[in-house]
Amino acid sequence: MAAAFSVTVAMVRHPGTAAAGLLMAMIALCASLPPKRALLRRVVLVNVFILFLWLTVPLTMPGETLWTLGAVGVSREGLELVGMVTLKSNAILLAFLALVASMDSPTIGHAMARLGVPSKLVFLFLFTYRYVHVIADEWQRLRTAARLRGFVPRTDMRTYATVGHLFAMVLVRSLDRSARVYRAMILRGFDGRFASVCRFTIRPRDGLFVLCGLAAHILMIFMECFAGVLRV
Amino acid sequence: MHISEGVLSPAILGLGAALTAVGTAIGLRRLDYDRLMTVAILAAAFFVGSLIHVPIGPSNAHLILNGLLGAILGWAAFPAILVGLMLQAVLFQYGGITVLGVNTFNMAFPAVLGFYLLRPAMVGSGRARSVAAFCCGALSVAGAGLLTALSLAFTAEGFLRAAQLLFLAHVPVMVVEGVVTVLAVSFLIRVRPEVFSIS
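### Topic: the overall build of chain A
(1) Moving on: For chain A, the helix and strand inventory stands at eight helices and two strands.
(2) Moving on: Shown N-terminal to C-terminal, the secondary structure of chain A runs as helices and strands in the order α-α-α-β-β-α-α-α-α-α.
(3) Moving on: By the burial criterion, 39% of the 232 residues in chain A qualify as buried.
(4) Moving on: For chain A, the proportion of contacts with a sequence separation of at least 24, taken over those separated by at least 6, is 68%.

Rendered as structure tokens:
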């Protein structure tokens with residue numbers, strides 16, 4: 001559902017519809033009750049790229065000039081384009097936060113498997129997720145060791161050499177670890193399939209949710225067509 | 001290097017998704033279950049690698065290391081990078097679902113190119129190895145930056161200048177990536193040469 005929403009919003013071309021999309025995403029987000037502080041930080045992070053566009057595109061896009069800042073003119077087309085991108089980007093982000101990021105990764109993995117994603121890809125996703133934290137700990141350990149020996153990152157060859165060697169060491173250890181884990185899995189009878197303990201069932205609530213989602217989509221598509229007719 | 005959601009046009013998004021699907025299919029077909037675990041854990045290692053920040057002058061940048069990843073994994077770089085980006089999207093909301101295809105292709109394609117063009121020299125010896133490793137690290141980032149800039153530029157004319165700036169901002173990163181790749185490769189060849197026989 002999040003994917004469908006993202007695709008629809010990405011296709012949208014009129015500001016009104018984009019704003020409506022943003023509103024819907026906000027409603028969905030409120031329904032999923034995420035922790036507020038973490039949420040805010042993520043939204044700000046993504047908007048850094050948007051800010052970069054705000055700083056460059058209106059100044060460089062050719063078009064009708066609204067006002068001038070010193071030597072450079074701010075073009076109306078540029079502002080429209082960036083404003084549009086900002087609305088769309090945040091709408092998709094919020095929807096994604098509400099619908100996908102509130103799941104844990106194993107759930108996403110199983111959902112992907114049920115949706116017909118190749119099983120090897122699901123395997124990769126689940127195990128990469130499983131070992132990211134382990135490898136991150138490995139890296140932290142090496143970095144702590146380096147710092148204990150007086151390593152301070154600077155812009156010099158020594159820093160890059162140290163980082164290169166430390167990272168290569170992380171790769172070596174990951175390789176060894178993967179061999180160990182794989183042998184352990186073979187021992188436990190792994191044959192390329194996952195037997196999941198928990199089962200997913202469709203509850204009446206899920207049906208209601210899908211209906212609401214569909215209604216929201218149809219509304220957005222209508223707004224898009226209608227806006228097109230009005231403009232012409 | 002990530003393009004956020006909602007920026008690119010549907011045509012570019014579709015193209016990126018299609019190319020990534022092809023690359024991932026090839027990568028997965030070449031992987032059997034014996035090596036899947038290795039690739040999964042190396043993908044995790046590269047995910048961690050992309051969180052490493054190194055100072056460059058007054059500022060700092062995080063490593064991308066797609067060149068090294070490509071040199072080790074070959075076509076498997078496609079699924080590995082795809083999975084890494086999915087995790088970044090889920091854990092940190094960098095990128096997102098619709099741009100996943102474009103972002104994966106932008107990073108994985110130069111990596112696979114590096115695998116074919118530069119890897120033979122990288123497992124060699126002496127100066128040729130260093131030069132090849134530097135090119136592999138630096139050019140993979142350059143290629144990724146170029147593809148990202150192109151996908152922005154083809155979306156709307158107005159993004160052209162922003163795309164150029166984005167590419168220029170990556171030039172110092174390219175040099176650092178090249179240097180780090182040289183050192184990592186020479187370390188791996190000395191310590192664990194069989195790393196380069198995974199793919």
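### Digging into the environment of Ala25(B)
(1) Moving on: Looking at the secondary structure, you find Ala25(B) in helix H1 (residues 10–29).
(2) Moving on: Under the relative-accessibility criterion, Ala25(B) is labelled partly exposed at 39%.

### Topic: the environment of Gly23(B)
Residues and elements named next belong to chain B.
(1) Moving on: Mapped onto the fold, Gly 23 is located in helix H1.
(2) Moving on: For Gly 23, a relative accessible area of 3% gives the class buried.
(3) Moving on: Sequence spacing of Gly 23 and Ala 76 is 53 residues, and the spatial spacing of their C-alpha atoms is 8.6 Å.
(4) Moving on: The contacts of Gly 23, once residues within four sequence positions are left out, are Trp 75 and Phe 78.

### Regarding the pattern of salt bridges
(1) Moving on: Per the counting criterion, the structure on display carries seven salt bridges over all chains.
(2) Moving on: Between Arg141(A) and Glu138(A) there is a salt bridge, with the nearest N and O atoms lying 2.9 Å from each other. Residue Arg141(A) and its partner Glu138(A) are located together in helix H6 (residues 119–148), separated by three residues, close to a single helical turn.
(3) Moving on: Looking at Glu138(A), the relative accessible area reads 5%, which means it is buried.
(4) Moving on: One salt bridge connects Asp176(A) with Arg192(B), and the closest N-O pair in it is separated by 2.5 Å. Taken together, the residues span two chains, with Asp176(A) in helix H7 (residues 157–187) and Arg192(B) in the segment after helix H8 (171–191).
(5) Moving on: On the accessibility criterion, Asp176(A) (28% relative accessible area) is partly exposed.
(6) Moving on: Overlapping salt bridges, with partners in common, bring together Glu138(A), Arg141(A), Arg173(A) and Arg177(A) in one network.

### Some details on helix H2 (residues 33–49) of chain B
(1) Moving on: Spanning 17 residues, H2(B) covers 24 Å between terminal C-alpha atoms, matching the ideal 24 Å at 1.5 Å per step.
(2) Moving on: Where burial is concerned, most of H2(B) is hidden: 14 out of the 17 residues are buried.

### Brief notes about the packing of H6(A) against H7(A)
All names here are of chain A.
(1) Moving on: Contact geometry for H6 and H7: axes closest at 10 Å, N-to-C directions at 135 degrees. Regarding the angle of H6 to H7, the classification is oblique. Considering the relative orientation of H6 and H7, their crossing is right-handed. Contacts between H6 and H7 involve Phe 123, Phe 127, Tyr 131, Val 134, Ile 135, Glu 138, Trp 139, Leu 142 and Ala 146 from the first element and Leu 166, Phe 167, Met 169, Val 170, Arg 173, Ser 174, Arg 177, Val 181 and Met 185 from the second.

### Points about the side chain of Gln88(B)
(1) Moving on: Tracing the sequence through the fold places Gln88(B) in helix H4 (residues 77–92).
(2) Moving on: Polar contacts involving the side chain of Gln88(B) include one to the side chain of Ser50(B), which spans 3.5 Å.

### So, the nonpolar core
(1) Moving on: Counting 97 residues, the largest nonpolar core has Leu171(A) and Ile72(B) as the members making the most contacts within it.
(2) Moving on: A total of 13 residues in this core trace back to one element, the largest contributor, which is H6(A).
(3) Moving on: Counting residues in each nonpolar core, the second largest holds 12 residues, with Ile12(B), Val102(B), Ala156(B) and Ala163(B) among its members.

### Let's talk about the confidence of the model for chain A
Residues and elements named next belong to chain A.
(1) Moving on: Per-chain confidence: chain A averages 69 in pLDDT, with 35% of residues scoring 70 or above.
(2) Moving on: The spread of mean pLDDT over the elements of chain A runs between helix H1 (residues 2–11), the lowest at 47, and H7, the highest at 89.
(3) Moving on: This model gives residues 1–16 a pLDDT under 50, and the stretch forms 49 contacts once residues within four places in sequence are excluded.

### Section: a nonpolar patch on the surface
All names here are of chain B.
(1) Moving on: Nonpolar side chains collect at one region of the surface, where Phe 109, Leu 113, Tyr 116 and Leu 117 lie side by side and expose about 400 Å² of accessible area between them.
(2) Moving on: With respect to the helices and strands, the residue Leu 117 is situated in helix H5 (residues 100–122).
(3) Moving on: Its relative accessible area of 64% is what places Leu 117 among the exposed residues.

Reading the values: the criteria
- Residues numbered from 1 in each chain as written.
- Chains lettered and ligands numbered in written order.
- Predicted model: local features only at pLDDT ≥ 70, side-chain atom pairs only at ≥ 80, totals over all residues.
- Heavy atoms only, no water.
- Helix = DSSP H or I, 4+ residues; strand = E, 2+ residues; numbered from the N terminus.
- Buried < 20%, exposed > 50% of the residue type's maximum accessible area, 1.4 Å probe, protein only.
- Contact = heavy atoms within 4.5 Å.
- Salt bridge = Lys/Arg side-chain N within 4 Å of Asp/Glu carboxyl O.
- Expected span 1.5 Å × (residues − 1).
- Axes fitted to C-alpha atoms, helices over the stretch in contact; angles between N-to-C directions.
- Parallel < 35°, antiparallel > 145°, perpendicular 65-115°, else oblique.
- Left-handed = near helix turned anticlockwise from the far one by under 90°.
- Polar contact = N/O pair within 3.5 Å; in protein donor to acceptor, adjacent residues only side chain to side chain.
- Core = buried A, V, L, I, M, F, W, Y, C linked by side-chain atoms within 4.5 Å.
- pLDDT = per-residue confidence, 0-100.
- Patch = residues over 30% accessible without salt bridge, like charges linked within 9 Å, V, L, I, M, F, W, Y side chains within 5 Å.
- Areas by Shrake-Rupley, 256 points an atom, 1.4 Å probe, with all protein chains shown as cover.

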